[in-house]
Amino acid sequence: MSDRLPTGIEGFDLLVQGGFPARSVSLVAGPAGGGKSLFALHFCHAGARRYNEPSMYVVLEEAKESLQRVMQMFGMDFGDLEKADRFLLIDLGELRVSGSQGSPIGFRELQDFLASSLKTAHVRRLVIDSLSAIGLHYGSAAEYRERLFAFCRFLRGMDVTTLLIAESPDPHALTQFGVEQFLADSVVHLGLEEVKGELRRTLTVRKMRFTKHDTGKHPMHITSVGIEVAADEKVV
Amino acid sequence: MHGLGFLERRVRKSRTRSALEYRMMGSRITLDLELSDGPTPLKEALDYYLDYVSTVLEKTRRLGWPGIDGKLEARLEKNRNGLKENLFTRILDGGGARGMEDLRALFRDISQEFLAITSEAMGRATALRLLSGAAEEARKGRESLVDRYDLRSILGA
């Protein structure tokens, strides 16, 4: 594995010296409809298709079928990659619905799952969608932070580069518990702002360890081929 | 009549069955009542376990882990020393306690193998959650049967 893992979104990769640092844990945060899942799908698709890096996308909240529709819509053909075990779309939400107590999945359970599955499937790129769904498992922010800290440490010990997806509950809060950004190596914020009655998408790299990254807010567009980031433009 | 005080009730135990003996106060008339459960609902119990198996397979497919459902299905095809054939013969014969024992033994084996296969791929906690969820879904609508004959506990999860 190289030191950088490109996402396949050229404009974004230009902002961060070519991609996410290998074996890092990154947070992709933004409001509902901000393009977080699509961003993460680009990351998986590029890894599995172009770089022969097996990728696993773990869904905890959104229906698996909904993601499959997104893939089709943007021409991301994962069919042959799934057959070749280079892409795995795992729906752990299926367990949440009908678990023994019907309870949400927590970090320990997820860690137990990943400890086995990452090795078995030789996964190099991992997406957890989303932390918001796991947050439902915990009664307090302190407990959540403690478990997330241990979980991030576990991920760094695996030979995998991870994107954690988190929903921003409102325009003033990046994440639900306000702690995720301190524990992650990188934070990418996908914004959705209303300007003169229209929604404008933006992308900002707030933090990325081991990287000289751009700190500007850039226009982001969702086109027929997915996400495009205007690296040479800034939103003022 | 016992409740109203006309009859005296005693439990009479023997090696093969229990019975309640009723005596009329000061009378020589004795009533013997055998309270048996009737035929064992072997077919209904089998339906529960088959639902459990098909739910496990469906859940593993939906979960998205490649190849696991095939491995699980292969375990269903194992001969298991003629246990399956014996079981179906017993069902045709009307069940019985021995039939229920065989049925539970068969699905205890199958469930343990399911647990081993799924644990290896996705960890024990996730595997237990998956199997437990399937057992609960299959129990829906037939709770009294499952609880009365203790069908759920042998699935382990």
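Overview of the structure. Given the structure is predicted, the values throughout are model-derived calculations rather than measurements.

The next subject is the overall build of chain A. Scanning chain A from terminus to terminus reveals 9 helices and 11 strands. Among the 236 residues that make up chain A, the fraction classed as buried is 56%. Considering only intrachain contacts with a sequence separation of at least 6, the fraction spanning at least 24 residues in chain A is 69%. Entry remark: accessible area of chain A is about 10400 Å², with carbon and sulfur atoms responsible for 49%.

With that out of the way, let us pick up the overall build of chain B. Helices and strands together make up the secondary structure of chain B, namely 6 helices and 3 strands. Counting from the amino terminus, helix and strand elements in chain B follow one another as β-β-β-α-α-α-α-α-α. A total of 157 residues make up chain B; the buried ones form 41% of that total. In chain B, the proportion of contacts linking residues at least 24 apart, taken out of those at least 6 apart, comes to 53%. Carbon together with sulfur atoms contributes 50% to the accessible area of chain B, which is approximately 9100 Å² in total.

Before going further, it helps to spend a moment on the interface of chain B and chain A. Interfaces are often described in size by the accessible area the parts lose on coming together. Each partner contributes to the interface: chain B provides 20 residues, whereas chain A provides 25 residues. With both chains or domains summed, chain B and chain A bury close to 1800 Å², and 52% of this area falls on carbon and sulfur atoms. When residues of chain B are sorted by the area they lose upon contact with chain A, Arg62(B), Trp65(B) and Arg129(B) head the list and together hold 41% of the total. Linking chain B to chain A there are 3 salt bridges. Linking Glu109(A) and Arg129(B) is a salt bridge whose minimum nitrogen-to-oxygen distance equals 2.5 Å. Inspection of the region where chain B meets chain A yields 10 residue pairs in polar contact (both at pLDDT 80 or more). In terms of residue count, helix α5 (residues 124-139) of chain B provides more of the side of chain B that touches chain A than any other element does, 8 residues in total.

On to the pattern of salt bridges, then. On inspection of all chains with the given rule, the structure shows 21 salt bridges over all chains. Across the pair Arg125(A) and Glu53(A) runs a salt bridge, and its minimum N-O distance is 2.6 Å. Of this pair, Arg125(A) sits in strand β6 (residues 125-129) while Glu53(A) sits in the loop between α2 (36-50) and β4 (55-59); the two residues are 72 residues apart in sequence, bridging distant segments of the chain. Its relative accessible area of 0% is what places Arg125(A) among the buried residues. The shortest N-O distance in the salt bridge between Glu193(A) and Lys217(A) comes to 2.6 Å. Of this pair, Glu193(A) sits in strand β8 (residues 186-195) while Lys217(A) sits in strand β10 (residues 217-223), placing them 24 residues apart in sequence. Residue classification places Glu193(A) among the partly exposed positions, given a relative accessible area of 22%. Given the relative accessible area of 33%, Lys217(A) is considered partly exposed. The network of salt bridges with shared partners includes Glu136(B), Arg139(B), Asp147(B) and Arg152(B).

This brings us to the packing of helix α1 (residues 42-63) of chain B against helix α2 (residues 68-76) of chain B. All names here are of chain B. Running from amino to carboxyl end, α1 crosses α2 at an angle of 160°, the nearest separation of the two axes being 8 Å. What the angle tells us is that α1 and α2 run roughly antiparallel. Every residue of α2 that contacts α1 at Val 53, Val 56, Leu 57, Thr 60 and Arg 61 is listed here: Ile 68, Asp 69, Leu 72, Glu 73 and Leu 76.

The next thing to look at is the sheet that holds β10(A). All names here are of chain A. Judged by pairing direction, the sheet is mixed, and its 9 strands sit side by side in the order β5-β4-β6-β7-β3-β8-β9-β10-β11 without closing on themselves. On the outer flanks of this sheet lie β5 (87-91) and β11 (226-229), each paired with one strand and no other. The mean inter-strand angle of the sheet, taken between neighbouring strand axes irrespective of direction, is 20°. Bridging between strand β9 (residues 198-208) and β10 involves 3 bridges; their strand directions are antiparallel.

Attention shifts here to the side chain of Thr126(B). Assignment of secondary structure puts Thr126(B) in helix α5. Discounting residues that sit within four places of it in the chain, Thr126(B) has contacts with Leu92(A), Leu95(A), Glu109(A), Asp112(A) and Phe113(A).

A few words now on α5(B). Residue and element names in this part refer to chain B. Taking 1.5 Å as the rise per residue, α5 with 16 residues should run 22 Å; its terminal C-alpha atoms sit 22 Å apart, in good agreement. Inspection of α5 places Thr 126, Ala 127, Arg 129, Leu 130, Leu 131, Ser 132, Gly 133, Ala 134, Ala 135 and Ala 138 among the buried residues, and these make up the whole buried set. In the segment just after α5, Gly 141 is the residue with positive phi, at about 90°.

Right, let's get into the packing of aromatic side chains. By the definition in use, this model includes 14 aromatic pairs over all chains. Geometrically, the ring pair formed by Tyr48(B) and Tyr49(B) is tilted, given 5.2 Å between the ring centres and 55° between the ring planes. Its relative accessible area of 0% is what places Tyr49(B) among the buried residues. Every member of this aromatic cluster is reached through a ring pair, and the members are Phe107(A), Tyr138(A), Tyr144(A), Phe151(A), Phe154(A) and Phe177(A). Geometry around Phe43(A) places Arg125(A) over its ring, the cationic atom sitting 4.7 Å from the centre.

Rules and cut-offs
Residues numbered from 1 in each chain as written. Chains lettered and ligands numbered in written order. Predicted model: local features only at pLDDT ≥ 70, side-chain atom pairs only at ≥ 80, totals over all residues. Heavy atoms only, no water. Helix = DSSP H or I, 4+ residues; strand = E, 2+ residues; numbered from the N terminus. Buried < 20%, exposed > 50% of the residue type's maximum accessible area, 1.4 Å probe, protein only. Contact = heavy atoms within 4.5 Å. Areas by Shrake-Rupley, 256 points an atom, 1.4 Å probe, with all protein chains shown as cover. Buried area = accessible area lost by both parts, 1.4 Å probe. Salt bridge = Lys/Arg side-chain N within 4 Å of Asp/Glu carboxyl O. Polar contact = N/O pair within 3.5 Å; in protein donor to acceptor, adjacent residues only side chain to side chain. Axes fitted to C-alpha atoms, helices over the stretch in contact; angles between N-to-C directions. Parallel < 35°, antiparallel > 145°, perpendicular 65-115°, else oblique. Pairing = 2+ DSSP bridges. Expected span 1.5 Å × (residues − 1). Phe/Tyr/Trp six-rings, centres within 6.5 Å; stacked < 30°, edge-to-face > 60°. Lys NZ or Arg CZ within 6 Å of the ring centre and 35° of its normal.

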